[in-house]
Amino acid sequence: MPVLSRLRMLAAVAAFLILSVCFAAAQDHSEFQMNHDIRVDPGQETNDLSCINCSIRIQGNVKGDVFAMNGNVVLEQGAQVSGDISTIHGDVRLGQGSKVGGDIAAIAGTVRRDSQAAVGGDITSMTGAGWTLLVFIVPLMLLGGFIALIIWLIQRSRRPAAMPAQQPVLRG
């Protein structure tokens, strides 16, 4: 096979892969943001929402899960989420007539719910900063201790063994 036709075949396969990835990304209405709030307007529909150091305000429909770290999740009147809502170090507020199909979990935050709001799963709220320590710091300390143990064992195996002192030989 000539080099030119191989290059054309490779270019065609690469173009096909790039176009199919772009098409799949255009079909998926998931959103991820850092340091910039996410807003779903009335009549707007999206899939999963994830946010770090920002808040999520929903007035439309979310056909997936919602996650916020260091930010709040607010469902306005008539908003719908078909999946779960999770926050770490943030609050969840459910407005009048809002619906959540799954569970709600707020670690180091609170869940405020209007009496007209519907939740299909469980609601878990672990208030206080102690949960942040428990969830993040304790596992990191255990991991650090495990790494320190491995390093100590490696260094111990490399240490030369103590040699007994030899008696001087007397000639005489």
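Above: the structure in question.
Owing to the predicted nature of the structure, the values given are computational and were not obtained by experimental measurement.

Would you mind showing me how to read the overall build of the protein here?
Of the regular secondary structure elements, the protein holds two helices and 16 strands. Split into buried and exposed, the 172 residues of the protein put 22% on the buried side. Counted over contacts in the protein with a minimum sequence separation of 6, partners at least 24 positions apart contribute 4%.

So what exactly am I meant to see when it comes to the environment of Ala-68 here?
Here Ala-68 is to be found in strand β7 (residues 66–69). The class of Ala-68 is buried, set by a relative accessible area of 0%. Taking C-alpha positions, Ala-68 is 9.5 Å from Ala-106, a pair spaced 38 residues apart along the chain. Other than its neighbours up to four places away in sequence, Ala-68 contacts Cys-51, Cys-54, Ile-56, Val-73, Ser-86, Thr-87 and Ile-88.

Looking at this model, I keep getting lost on the sheet that holds strand β13 (residues 104–107). Mind explaining?
Paired through backbone hydrogen bonds, the strands of a sheet run either parallel or antiparallel to each other. Across the sheet, six strands lie side by side as β1-β4-β7-β10-β13-β16; this open sheet has parallel pairing. Where the open sheet ends on each side, the last strands, each with one partner, are β1 (31–34) and β16 (123–126). Averaged over all adjacent pairs, the angle separating strand axes in this sheet is 5 degrees, with direction ignored. The pairing of β13 with β16 spans four bridges and is classified as parallel. Within β16, the position partnered with Ile-107 by the bridge is Met-126.

I keep staring at the pattern of salt bridges and nothing clicks. Help me out?
Oppositely charged side chains can form a pair if their charged atoms are brought close together. Scanning all chains against the criterion turns up five salt bridges. With a shortest N-O distance of 2.2 Å, Arg-57 and Glu-76 are connected by a salt bridge. Of this pair, Arg-57 sits in strand β5 (residues 56–58) while Glu-76 sits in the loop between β8 (73–75) and β9 (80–81), placing them 19 residues apart in sequence. One salt bridge in this structure joins Arg-112 and Asp-91, with 3.7 Å as the shortest N-O distance. In this pair, Arg-112 is assigned in strand β14 (residues 111–113) and Asp-91 in the loop between β10 (85–88) and β11 (92–94), connecting sequence segments 21 residues apart. For Asp-91, a relative accessible area of 23% translates into the label partly exposed. Through salt bridges with shared partners, one network takes in Arg-57, Glu-76 and Arg-93.

Even after reading the chapter, I still don't get the side chain of Ser-98, so can you show me in this structure?
For Ser-98, the position within the fold is in the loop between β11 and β12 (99–100). For Ser-98, a relative accessible area of 1% translates into the label buried.

What is the right way to read unusual backbone geometry from this model?
Glycine aside, the phi torsion of most residues is negative, and most peptide linkages are trans. Phi at Asn-70 takes a positive value of approximately 60 degrees, unusual for a residue other than glycine. On the secondary structure map, Asn-70 appears in the loop between β7 and β8. With a relative accessible area of 41%, Asn-70 lands in the partly exposed category. Unusually for a residue other than glycine, Ala-108 sits at a positive phi of about 60 degrees.

What counts, and where the lines are drawn
Residues numbered from 1 in each chain as written. Predicted model: local features only at pLDDT ≥ 70, side-chain atom pairs only at ≥ 80, totals over all residues. Heavy atoms only, no water. Helix = DSSP H or I, 4+ residues; strand = E, 2+ residues; numbered from the N terminus. Buried < 20%, exposed > 50% of the residue type's maximum accessible area, 1.4 Å probe, protein only. Contact = heavy atoms within 4.5 Å. Pairing = 2+ DSSP bridges. Axes fitted to C-alpha atoms, helices over the stretch in contact; angles between N-to-C directions. Salt bridge = Lys/Arg side-chain N within 4 Å of Asp/Glu carboxyl O.

None of the figures reported here should be taken as evidence of function without further support.
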